[in-house]
Amino acid sequence: MLARKNEDFVLPAKVVKIYELKIIDFNDNILTLEITCGSGTYIRALGRDIAYKLNTYATMISLVRTKVGKFDLNQSIDIKSLTKDNIENYILLIDSVLDYNKIELSDINTKKILNGQIIKTDLKDGTYKLNNELDTIALIQVHNSNAKMSLFLG
């Protein structure tokens, strides 16, 4: 927003985690890197910072995210390969995607939570998956022994 208004500004520095940085190729002034980093790392900003440290400038011409959490690019398929006959083979249940502990609630408390009410619980502070017999139906946030729905998943 400030840049569009031609206003000067400085972004605050942010600590990020870079676990691994490999030089894959350097040819015709094009540097290809493979980076393993923590979430929240802006790779374009990292490219800019590397160039500044080398006393030059850089333009990113390609960025491929190869892994996010437990999902890997090798597990993906081209969208053009999906058909009405095979799409079921690629659908993941929400429960398999979310890395939170499951909780079980009584039918009464489940109904209260799903209706937006806060219930008392002995659970530690954190986020939990509320499941029905098939899959995760909601994310529950617990704080100071109070549990409430933070996201309804259906």
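Look up a bit, the structure's there.
Position numbers for residues start from 1 in each chain and track the written sequence from start to end. Totals for whole chains, interfaces and linings use all residues, but because this is a predicted model, local features are given only for residues with pLDDT of at least 70 and pairs of side-chain atoms are given and counted only at 80 or more. Calculated side-chain values reflect all of the structure's heavy atoms, with hydrogen atoms and water omitted.

Draft legend 1. Up close: the overall build of the protein. If you tally the helices and strands in the protein, you get 3 helices and 9 strands. Starting at the N terminus, helices and strands are each numbered in turn, a helix being any DSSP run of H or I of at least four residues and a strand any DSSP run of E of at least two. Listing the helices and strands of the protein from first to last along the sequence gives β-β-α-β-β-α-β-α-β-β-β-β. With the radius of gyration taken over C-alpha atoms, the globule rule is written as 2.2 Å times the number of residues to the power 0.38. Here the protein has a C-alpha radius of gyration of 23 Å; the compact-globule value for 154 residues is 15 Å, and the former is much larger. The C-alpha extent of the protein, read off along each of the three principal axes, is 65 × 45 × 35 Å.

Draft legend 2. Structural view of the nonpolar core. Ranked by size, the top nonpolar core spans 10 residues in total: Ile103, Ile113, Ile119, Tyr128, Leu130, Ile137, Ala138, Ile140, Val142 and Ala147. Listed by contribution, the elements that provide at least two residues to this core are β7 (126-131) and β8 (136-143). Top contributing element to this core by residue count: β8, with 4 residues. By the convention used here, residues are in contact when the closest approach between their heavy atoms is within 4.5 Å. For Ile119, the contacting residues outside a window of four places in its chain are Leu105, Asn109, Lys112, Ile113, Ser145, Asn146 and Ala147. Among buried residues, the Ala, Val, Leu, Ile, Met, Phe, Trp, Tyr and Cys ones that are joined through side-chain atoms within 4.5 Å form a nonpolar core. In this scheme, a residue with accessible area under 20% of its type's maximum is buried, one over 50% is exposed, and one in between is partly exposed, where area comes from a 1.4 Å probe on protein chains only.

Draft legend 3. Molecular detail of the layout of surface pockets. Counted as a void, the largest pocket has a volume near 1,400 Å³. Of all elements in the fold, only β1 (18-27), β2 (30-37), α1 (43-53) and β3 (67-68) reach the threshold of two or more residues within the lining of the largest pocket. Ranked by residue count, the leading element in the lining of the largest pocket is β2, at 8 residues. Asp, Glu, Lys and Arg are counted as charged, while Ala, Val, Leu, Ile, Met, Phe, Trp, Tyr, Cys and Pro are counted as nonpolar; the rest, among them Gly, fall into the polar class. Here the residues of the lining of the largest pocket are counted per class, giving 18 nonpolar, 13 polar and 6 charged. Here a cavity is any set of points on a 1 Å grid over the protein atoms alone where a 1.4 Å probe fits but cannot get out, and a pocket is any open set with protein on both sides within 12 Å along at least 5 of 7 lines; a residue lines the site when it has an atom within 4 Å of a point. Grid points are joined across faces, edges and corners, and a volume is the space filled by probe spheres set on the points.

Draft legend 4. Seen up close, the packing of aromatic side chains. Pairing of aromatic rings covers Phe, Tyr and the six-membered ring of Trp, with a centre-to-centre limit of 6.5 Å; geometry is then stacked below 30 degrees between planes, edge-to-face above 60, and tilted otherwise. Following the criterion strictly, the structure yields 1 aromatic pair and no others. With a centroid separation of 6.1 Å and 85° between ring planes, the pair formed by Tyr52 and Tyr57 is classed as edge-to-face. Judged by relative accessible area, Tyr57 falls into the exposed class, the value being 71%.

Draft legend 5. The arrangement of the environment of Asn115 in detail. Within the secondary structure, Asn115 is located in the loop between α3 (107-114) and β6 (119-120). With a relative accessible area of 57%, Asn115 lands in the exposed category. With 34 residues separating them along the chain, Asn115 and Met149 place their C-alpha atoms 8.7 Å apart.

Draft legend 6. Geometry of the pairing of β1. The pairing criterion is simple: DSSP has to find at least two bridges between the two strands. One ladder, built from 8 bridges, connects β1 with β2; its direction is antiparallel. Residue Lys22 lies in a different strand from β2, and its bridge partner there is Glu34. Following β1, the chain reverses through 2 residues before pairing antiparallel with β2; Asp28 in that reversal takes a positive phi of roughly 55°.

Draft legend 7. Representation of the side chain of Thr41 within the structure. Structurally, Thr41 is set in the loop between β2 and α1. Take Thr41: its relative accessible area is 15%, and that puts it in the buried class. The definition of a polar contact used here is a pair of N or O atoms within 3.5 Å, where within protein one atom must be able to donate a hydrogen and the other to accept one, and adjacent residues in sequence count solely through side-chain atom pairs. Reaching out from Thr41, the side chain makes a polar contact with the backbone oxygen of Gly38 at a distance of 2.8 Å. Ignoring anything within four residues of it in the chain, the contact list for Thr41 reads Val16, Lys17 and Ile18.

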